Amino acid sequence: MTFIGEWLKEIILVVLIAVFIELLLPNRAMERYVKFVVSLLILLTLLSPLMRLFSTDASEKIESAFMDNWGGLEERGAQTATDSILAQGELLRKRREAEALQWAGEEAARQMKRQIEQETGTSVERVVVNIREGKPSSEGKPVGEAEGPVIQTVQVVMRTGETPAVEAGQKKRIAVEPVEKVRVDDVEVSAKAGPEEESDGRASEVMADTEEVNPDVTKRIEALLLREWGVPRESVTVRKGEQVSS
Amino acid sequence: MEIIQVVGLGLVATILILVIKEQKPLFAFLIAASTGIYIFLFLIGKIGGIIEVLEDLAESSGVQMIYLKTILKIIGIAYIAEFGAQIVRDAGQESIASKIELAGKVMIMVLAIPIITIIIETVMKLLPA
């Protein structure tokens, strides 16, 4: 009963306001249009219990619909709508860039691995490439890639259990066979490449790591990465697999 | 007594315009426009009082404020469009005045769009699928 009472009250008030508005209107030119909209509002009020019956969040929906539409008329509303859309776009762009960087890192790692295997004849277990988004303000970067992403670290993990002599011997075999088939299961080389800004401590650590692997191989890998990828020598880590180093 | 002020202002402005119109039509137009703006600004305070009462009424009786806001927006658009159109019409630019009125009508119709959408949605839900 209270529900019907409220509904009636609402209808009466909307009609009253509508009549009042019509009195306020300046002239007859606008009258038809205003009457149309006001009658629609009265219809909406009459329908409101029906809408409540069909959807629980009717009032919220009405409000959101009105807000959406008023965005076109109100500068402020339009501004906020634009802002939110821009923010969403920025978010999407960042996510896509992160995905692209990850993909680029994987692809670069795959190619590095193949090149290292071809160049040195050793078998590489995996190459991990970290790519960092380039910042225009950061220093020490080559002029050419002021804005683009930069290879932060390259980690080459060699397969373990191979002596340099054996590696050298295998290299000759590799020259004949496809590289992929000549994987030696137990040598690991890990190389790490960092940005030029990287600290000296990191570099020396890298050098310490490289001691484990044949220095000749390490040097060749570093030279290859520097030549092909522009990765600075001190940021490449070549290390053996964990079975050997531990 | 405020109505006397308004009418007096209007009369004085009219006489001034009649006197000046022969020599300087431009100034006559300026006087007319500024008188109109003055009366309009004078009325805005009064309309504000009316609207406050309406809002209080609506709030106390539980009418959705969004309805009242829509209606008030319609009044505002109608008044402003009408005012601008009349000033322009006084200056003799009938076509521009009618364009202003057209803009006002379109704006009012834009306000009707969400209402129409909601009503149609409700009716569509009523119909069996």
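Reading the values: rules and limits
- Residues numbered from 1 in each chain as written.
- Chains lettered and ligands numbered in written order.
- Predicted model: local features only at pLDDT ≥ 70, side-chain atom pairs only at ≥ 80, totals over all residues.
- Heavy atoms only, no water.
- 1 Å grid on protein atoms, 1.4 Å probe; cavity = no way out; pocket = protein on both sides within 12 Å on 5 of 7 lines; lining within 4 Å.
- Points joined across faces, edges and corners; volume = space filled by probe spheres on them.
- Helix = DSSP H or I, 4+ residues; strand = E, 2+ residues; numbered from the N terminus.
- Nonpolar A, V, L, I, M, F, W, Y, C, P; charged D, E, K, R; others polar.
- Domains from an automatic or database assignment.
- Expected span 1.5 Å × (residues − 1).
- Buried < 20%, exposed > 50% of the residue type's maximum accessible area, 1.4 Å probe, protein only.
- Arc of directions from axis to C-beta.
- Lys, Arg positive; Asp, Glu negative; His and termini not counted.
- Salt bridge = Lys/Arg side-chain N within 4 Å of Asp/Glu carboxyl O.
- Contact = heavy atoms within 4.5 Å.
- Buried area = accessible area lost by both parts, 1.4 Å probe.
- Pairing = 2+ DSSP bridges.
- pLDDT = per-residue confidence, 0-100.

Residue and element names in this part refer to chain B. If you add up the space inside the largest pocket, you get close to 330 Å³. What lines the largest pocket is a set of 15 residues, and nearest its centre among them are G36, I39, F40, F83 and Q86. Counting residues per element, the ones that place at least two in the lining of the largest pocket are α2 (25–61) and α3 (65–90). Top element by residues in the lining of the largest pocket is α2. It accounts for eight residues. Taken together, the residues that form the lining of the largest pocket break down as eleven nonpolar, two polar and two charged. If you count residues domain by domain, the lining of the largest pocket takes at least three from each of domain 1 (1–45) and domain 2 (64–128). There is about 160 Å³ of room inside the second largest pocket. If you go around the second largest pocket, the residues you meet are F40, I44, I47, I51, L72, I75, G76, Y79 and I80.

All right, on to helix α7 (residues 215–229) of chain A then. All names here are of chain A. With 15 residues, α7 extends 20 Å from end C-alpha to end C-alpha; this agrees with the ideal 21 Å at 1.5 Å per step. Of the residues making up α7, those classed as buried are V217, T218, I221, E222, L224 and L225. Buried residues of α7, seen end-on, are gathered within an arc of 160° and therefore sit on one face of the element. Exposed and oriented more than 90 degrees from the buried face of α7 are P215, K219 and R227. Backbone geometry just downstream of α7 places G230 in the positive-phi region, at approximately 70°.

What follows covers the side chain of K105 of chain B. Within the fold, K105 of chain B resides in helix α4 (residues 94–126). Although buried, K105 of chain B forms no salt bridge, and the nearest oppositely charged side chain, E101 of chain B, lies 4.8 Å from it.

Taken together, the contact pairs 40 residues of chain B with 38 residues of chain A. Taken together, both faces of the contact between chain B and chain A bury some 4100 Å²; the carbon and sulfur share is 82%. Between the two partners, chain B and chain A, sit zero salt bridges. Within the residue set of the side of chain B that touches chain A, elements represented by two or more residues are α2, α3 and α4 of chain B. Top contributing element to the side of chain B that touches chain A by residue count: α4 of chain B, with 19 residues. Classifying every residue of the side of chain B that touches chain A gives 27 nonpolar, six polar and seven charged.

Residue and element names in this part refer to chain B. Relative to the 27 Å expected for 19 residues at 1.5 Å per residue, helix α1 (residues 2–20) spans 27 Å between its end C-alpha atoms, a close match to the ideal helical length. Those residues of α1 lying buried are V6, A13 and I17. Burial along α1 is one-sided: seen end-on, the buried residues are contained in an arc of 35°. Opposite the packed face of α1, turned more than 90 degrees from it, sit the exposed residues I4, L11, V12, I15, L18 and V19. Looking at the buried positions of α1, the neighbouring elements they touch are α2.

Right, let's talk about the pairing of strand β2 (residues 150–159) of chain A for a bit. Residues and elements named next belong to chain A. In terms of burial, β2 is largely enclosed, as nine of its ten residues are buried. Bridge analysis of strand β1 (residues 124–132) against β2 gives eight bridges, and the strand direction is antiparallel. For V129, the partnering residue across the bridge sits in β2 and is V154. Strand direction decides the pairing type here: β2 and strand β4 (residues 236–239), joined by four bridges, are parallel. If you follow V154 over to β4, its bridge partner there is V236.

All names here are of chain A. Scored by pLDDT, chain A comes out at a mean of 69, with 58% of its residues at no less than 70. Ignoring residues within four places in sequence, the model shows residues 136–141, a span with pLDDT below 50, making eleven contacts including any to other chains. Within the model, the stretch residues 163–178 combines pLDDT values under 50 with 17 contacts to residues more than four positions away or in other chains.

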